[in-house]
Amino acid sequence: MSVRIFVMAHKPFTPPKDPMYVPLQVGRANAASLGFLGDDTGDSISALNPYFCELTGLYWIWKNYQSADYIGICHYRRYLLNQTGSIFTEPQLEKLCMEYDMVTTKLLTLTCSYEKGFGENHHVKDLYTTREVLKEKFPSYVNAFDQLLKGPHTYFGNIFVTAKDSYDAYCEWLFDILFEAQKRTDMTGYNGYQKRLFGFLSEFLQTVWIHCHKLRVCECMVGMVGEKYETTVLKEHLAEFFAKKNYEGAKEYFLEYYQKRPDVLMEASDVTGELRICMQIISTCAFEKERYGNCILDAIWEYPRLISHFHSLNEAVLGILSERPSQSHIRFLQDTNCITPVSAEIALQLFCKDPALQKKTLKIIYPLLQK
């Protein structure tokens, strides 16, 4: 019994040392080689990577790789974790594969229906196109598709391990649907993120497949290693704007970038939460400038110090809001000269939407800021 986990990558990274993990460069037909195995040999759809994301790797494995009993998919930043919080070893996965039909991610529970959640960053019409194709090609799956569409659950990431024959059957079904949906999809006006449509559709279709086949699924946590390349680029540019004390330029750049890549604010991308703090910094600067004529960037403009300052501010405000402030929280508010009432108000709004509770909490914070 053998297991191979293919690590989908489109950026340089350091692969796990365990030989079970095999780096696979996806979209290599459109890019320079990273020195890994590529998805652009043999029967390949590598050139479709801007639209199919990691699915170009799934397709390549399906058509070209037959040397393992069980096939797994993960990402260069995302790995399935065992109960101790470590990435799986081959013996551990072999045991699970004997007990379950598929090892995959935890089932997500959204705060809304999948249909509504999908529509926030994508075009809902594409879900309906997929349903039309499913109804024509695989009508027995339509009831489950409709039920799950209105529900709050989905698997994510195309991260899973299953037997090779099951993998092949799933891929045959999946790509039959997606290739036909592609023929019927007009992407006029789509940004780069939205054009990655078929990768996102496949996550939901995996959920449909599992549901319809009543698979015995072992759901695992996913470990994040580092942050997205796009997130790093955005942070580096924001740091440059802050160093120049140009919060307006930072805001304009951030909004433009976010329109192209709304996923940068997702927890899986902004793993440190720094981009949300950058938004807080920009907002604080704007309101401070309007009220006082100057802003935090006049006192602190180095990116690491800014992030540290707002981390501490948020922790202090949250401590007072929860009525459990530590002495270090109190000292920070009392002794830090560049904290303004505006910055405290904005920090509080991040954690509390109740106006009455906001007012009560600010009555405690304001005296601490009086130097």
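Since the model is a prediction, treat every value here as computed from it, not as a measurement.

Q: If you had to explain the pattern of salt bridges to someone new, which residues and values would you point to?
A: Tallied over the entire structure, the rule returns 15 salt bridges. R216 is the salt-bridge partner of D101, the closest N and O atoms lying 3.0 Å from each other. Pair noted here: D101 is in the loop between α3 (90-99) and β6 (102-105) and R216 is in the loop between α8 (197-213) and β10 (217-220), with a separation of 115 residues, a long-range link. For D101, a relative accessible area of 27% puts it in the partly exposed group. We classify R216 as partly exposed; its relative accessible area is 46%. Between K235 and E274 there is a salt bridge, with the nearest N and O atoms lying 3.0 Å from each other. With K235 in helix α9 (residues 229-243) and E274 in helix α11 (residues 274-292), the pair connects residues that are 39 residues apart, well separated along the chain. Of the residues examined, K235 reaches a relative accessible area of 11% and is grouped as buried.

Q: For the environment of C352, give the residues involved together with the corresponding values.
A: You can see C352 is positioned in the loop between α14 (341-351) and α15 (355-369). With 34 residues separating them in the primary sequence, C352 and L318 have C-alpha atoms 9.1 Å apart. In contact with C352, not counting residues within four places along its chain, are L321, L357 and Q358.

Q: Please provide a residue-by-residue account of the sheet that holds strand β2 (residues 21-25), values included.
A: Here we have seven strands laid out as an open sheet, ordered β3-β2-β1-β4-β9-β6-β10, and mixed in their pairing. Taken across any chain shown, the strands that pair with only one partner, and hence form the sheet edges, are β3 (37-38) and β10. By the bridge criterion, five bridges tie strand β1 (residues 3-9) to β2 in an arrangement that is parallel. In the sheet register, M8 faces β2, and the bridge partner there is L24. Sitting on the sheet, helix α2 (residues 55-64) is in contact with β1, β2, β3, β4 (70-75) and β9 (160-163), with an inclination near 145° to β1. Across the sheet, helix α7 (residues 164-183) is in contact with β4 and β9; its angle to β9 comes to roughly 110°.

Q: Break down helix α13 (residues 327-335) for me, citing the residues and quoting the values.
A: Taken residue by residue, α13 has H329, I330, F332 and L333 as its buried positions. Within α13, the buried residues cover an arc of 160° as seen down the axis, which keeps them to one side. Those residues of α13 that are exposed and angled more than 90 degrees off the buried face are Q327 and D335. Among the structural elements, α12 (303-321) and α15 are those in contact with the buried residues of α13.

Q: Before we move on, can you summarise the state of the cysteines with the specific residues and values?
A: Scanning the entire structure with this criterion turns up zero disulfides. As a non-bridged cysteine, C212 has C171 as the owner of its nearest cysteine sulfur, 17 Å distant. Distance from the sulfur of C295, which forms no disulfide, to the nearest cysteine sulfur (C285) is 3.9 Å.

What counts, and where the lines are drawn
Residues numbered from 1 in each chain as written. Predicted model: local features only at pLDDT ≥ 70, side-chain atom pairs only at ≥ 80, totals over all residues. Heavy atoms only, no water. Salt bridge = Lys/Arg side-chain N within 4 Å of Asp/Glu carboxyl O. Helix = DSSP H or I, 4+ residues; strand = E, 2+ residues; numbered from the N terminus. Buried < 20%, exposed > 50% of the residue type's maximum accessible area, 1.4 Å probe, protein only. Contact = heavy atoms within 4.5 Å. Pairing = 2+ DSSP bridges. Axes fitted to C-alpha atoms, helices over the stretch in contact; angles between N-to-C directions. Arc of directions from axis to C-beta. Disulfide = S-S within 2.5 Å.

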